[in-house]
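# Per-entry structural report
These are the residues of each chain, in order.
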Amino acid sequence: MSESLGDDLDAPGATGVEARASDWFQRRHFETWSDTDQVHFDAWLSESPAHEIAYWRLEGAWARTKKLVALRPPRTPERRSPFLVRIAAAGIAAIAIAVGYWIYQSQPRGIAYATSVGGHEAVMLGDGSRIELNTDTAMRVSYTSNERIIWLEKGEAYFEVVHDSDRPLVVFVGDRRVTDLGTKFIVRQDSARLEVAVVEGRVSFDEAAEQQGAHTLLLSQGDTVVATPTAMSVTRKLPHEISNELGWRRGVLIFDGTPLAEAANEINRYNVRKIVIADRHLGKISVTGTLSANDPDQFMRMTRYLLALHGERAEGNIQISR
Amino acid sequence: MADIPDTSLEITANFRSSSVVTAPDLGSWFIREVFPLEATLMQFLQRYWRNESDLADLKQDVYVRIYEAAKTTRPNPVRPFLLTIARNIVIDKVRKEQVVPIEAVTDLEALNIAMDVPGPDRTAASRDDLRRLQSAINRLPPRYREAVVLAQVEGLSSQEIAIRMGITKSAVSHYLKRGIRSLADMLYGEPQSMRSRP
């Protein structure tokens, strides 16, 4: 492609049409866009099917480039070698290098993705793996020819990983890591609590490397690890329980005998307007059903009609009381 | 209080959508069904039409004819339909301009589109798609790539990109315009031999 500044806007035939389509596209997406611009743009589109087609083609291509973003060369590819060389030169044993590499790996870099409260984004990575970010989530991705590293900085994500034993996909959450062994899994972090649930296949779960007695857990389908800074437990969930946890992928939250307070906390993750249940006893009522994740009013109506509770909006929140 | 019976309800959720394509129905159909066949189309045109400078116009003619047809009925499957149209357009042009050896036309008229080699299977196609995506972004000149990535990944406006890259806004506009055009050409599969075109 030439670097010349000509944009072919006046070129005859299809080349000119494509150039003008890209001009509209650029202005519409990246510059301020007025109603007058829209009028001119609509007029241009309706002049000829060829105009519409050329514009759609760019829209389609641009949408597809969303998949590309994870393929970008990492921003700081040069960082690794000096660091490793320094350790090796100091004559430290291979295990130390492994730890050093771990520390190096656990430093976030790469491309950032984030969702806001109530958001939901799917990211397609270059190897065909797919990650869905739930509400209020931030992660970074570093893909190079010999590593696939993801740092989940906050929130929750669902991973469908295309397995590659030469280049395992590793998810870091603080000083813990989850390594894909061919699988689909969920990683969720709420303040100091980390939960990893295996939907399909297997993963390995490691504690921080520098801790004494750290060990690796091998988790398979249904296994769910809940780890806090001081404790860790592993349970096995039934398939429907796991799939209920993934309701957010469809925009819903599925409750099954869930205490009302816990249900409210779940809904609150997705909304700026929070549900407040002041009465601890009310919080213990168990609820079962499917609710829209981003509609706290629906929750209020549910408690009103089905539990005869009182709900009102106050100070931007929703107060539930008897 | 704790022994209030469980409630149960099902309420249709308002699915959160994350649609990126704003084109109307026919546009979505083109994006989904037609543009992905562009590599096939370009290979066909290149094979039967030697003059490379006409290819963009021929492609446009094919798309417009599909557009006209699809307004009433969407062809399904699209591939043989597209190739039939391409064949007819090339035959018309051959007759009009009388520049191509007559064998080429006979060859074309005898060509049974339905018997044409089947498209690659889905898996291979999607793997190929990812390679193509990777190669497309890597083949953009560095400044173009940088502008496109800032726009796509970080969602910056051209003004913000200009500040970030330390260049003028009109240079950014140029990079974005050329960048998206090149991406469209590469993603929708220009044939191999066109890649090195100046």
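The sections below set out a description of the structure shown in this document. (Residues numbered from 1 in each chain as written. Chains lettered and ligands numbered in written order. Predicted model: local features only at pLDDT ≥ 70, side-chain atom pairs only at ≥ 80, totals over all residues.)

### Side note on the overall build of chain B
This is how the line gets drawn: Elements are defined by DSSP. Helices are runs of H or I of four residues or more, strands are runs of E of two residues or more, and each kind is numbered from the N terminus. Field definition: a residue is buried when 20 or more other C-beta atoms are found within 10 Å of its C-beta, exposed when 12 or fewer are, and partly exposed for counts in between, with C-beta atoms placed from the backbone. We call two residues in contact if the C-beta atoms placed from their backbones are at most 7 Å apart.
Broken down by element type, chain B carries nine helices and one strand. Taken from the N to the C terminus, the helices and strands of chain B come in the order β-α-α-α-α-α-α-α-α-α. Buried residues in chain B amount to 31% of all 198 residues. Counted over contacts in chain B with a minimum sequence separation of 6, partners at least 24 positions apart contribute 58%.

### Let's talk about the sheet that holds strand 16 (residues 317–321) of chain A
Residue and element names in this part refer to chain A. As a reminder, the rule being used: Following DSSP output, two strands are said to pair if at least two bridges run between them. To obtain an axis, a line is fitted to C-alpha atoms, over the contacting stretch when the element is a helix, and the angle between two such axes runs from 0 to 180 degrees between their N-to-C directions.
Across the sheet, which stays open at both edges, the three strands sit in the order 13-16-15 with mixed pairing between neighbours. Both edges of this open sheet fall to strand 13 (275–277) and strand 15 (310–314), since each of them pairs with a single strand only. Within the sheet, the average angular offset between the axes of one strand and its neighbour, ignoring direction, is 25°.

### Examining the environment of Arg164(B)
Residue and element names in this part refer to chain B. Tracing the backbone shows Arg164 in helix 8 (residues 158–165). Judged by the 14 C-beta atoms lying within 10 Å of it, Arg164 falls in the partly exposed class. Along the sequence, Arg164 and Leu150 sit 14 residues apart, while their C-alpha atoms lie 8.8 Å from each other. Among all residues touching Arg164, those that are not within four sequence positions of it are Leu150 and Leu156.

### Side note on the nonpolar core
We apply this condition: By convention the nonpolar core is taken to be a set of buried residues drawn from Ala, Val, Leu, Ile, Met, Phe, Trp, Tyr and Cys and joined through C-beta atoms within 7 Å.
One finds Leu58(A), Leu45(B), Val62(B), Leu82(B), Ala86(B) and Ala147(B) to be the most contacted residues of the largest nonpolar core, which totals 54 residues. Looking at which element gives the most residues to this core, the answer is helix 9 (residues 169–187) of chain B, with eight residues. Among residues more than four places away in sequence, those in contact with Ala147(B) are Ile161(B), Met165(B), Val172(B), Tyr175(B), Leu176(B) and Gly179(B).

### Digging into helix 9 of chain B
Note the threshold: The span expected for a helix works out to 1.5 Å for each residue beyond the first.
If you check helix 9 of chain B, its first and last C-alpha atoms are 26 Å apart, about what 19 residues at 1.5 Å a residue would give, namely 27 Å. Burial of helix 9 of chain B is extensive: 16 of the 19 residues sit out of reach of the surface.

### Side note on the packing of helix 1 (residues 13–30) of chain A against helix 9 of chain B
Our working definition: The scheme is simple: roughly parallel for angles under 35 degrees, roughly antiparallel for over 145, roughly perpendicular for 65 to 115, oblique for anything else. Crossing handedness is read from the near helix: turned anticlockwise from the far helix by less than a right angle, it gives a left-handed crossing, and turned clockwise, a right-handed one.
Contact pair helix 1 of chain A / helix 9 of chain B: the axes reach a minimum separation of 9 Å and the direction vectors enclose 120°. As summarised for this structure, helix 1 of chain A and helix 9 of chain B are arranged oblique, according to the angle between their axes. Here the hand of the crossing between helix 1 of chain A and helix 9 of chain B comes out right-handed. Of the residues in helix 9 of chain B, those touching helix 1 of chain A at Glu18(A), Ser22(A), Asp23(A), Phe25(A), Gln26(A) and Phe30(A) are Ser173(B), Leu176(B), Lys177(B), Ile180(B) and Arg181(B).

### Some points on the pairing of strand 15 of chain A
Residue and element names in this part refer to chain A. The sheet contact formed by strand 15 and strand 16 spans five bridges and is antiparallel. Residue pairing for strand 16: Glu312 is matched across the bridge by Gln319. The hairpin formed by strand 15 and strand 16 contains two residues between the paired strands, and Glu315 there has a positive phi angle of roughly 50°.

### A look at the packing of helix 8 of chain B against helix 9 of chain B
Residues and elements named next belong to chain B. For clarity, the threshold we go by: All residues other than Ala, Val, Leu, Ile, Met, Phe, Trp, Tyr, Cys, Pro, Asp, Glu, Lys and Arg, Gly among them, are scored as polar; the first ten of these are nonpolar and the last four charged.
Remark: helix 8 packs on helix 9, axes separated minimally by 8 Å, with the N-to-C direction vectors making an angle of 110°. What the angle tells us is that helix 8 and helix 9 run roughly perpendicular. Every residue of helix 9 that contacts helix 8 at Ser158, Gln159, Ile161, Ala162 and Met165 is listed here: Lys169, Val172, Ser173 and Leu176. For the contact of helix 8 with helix 9, a count of residues per class yields five nonpolar, three polar and one charged.

No statement about biological role is implied by the geometric values presented.
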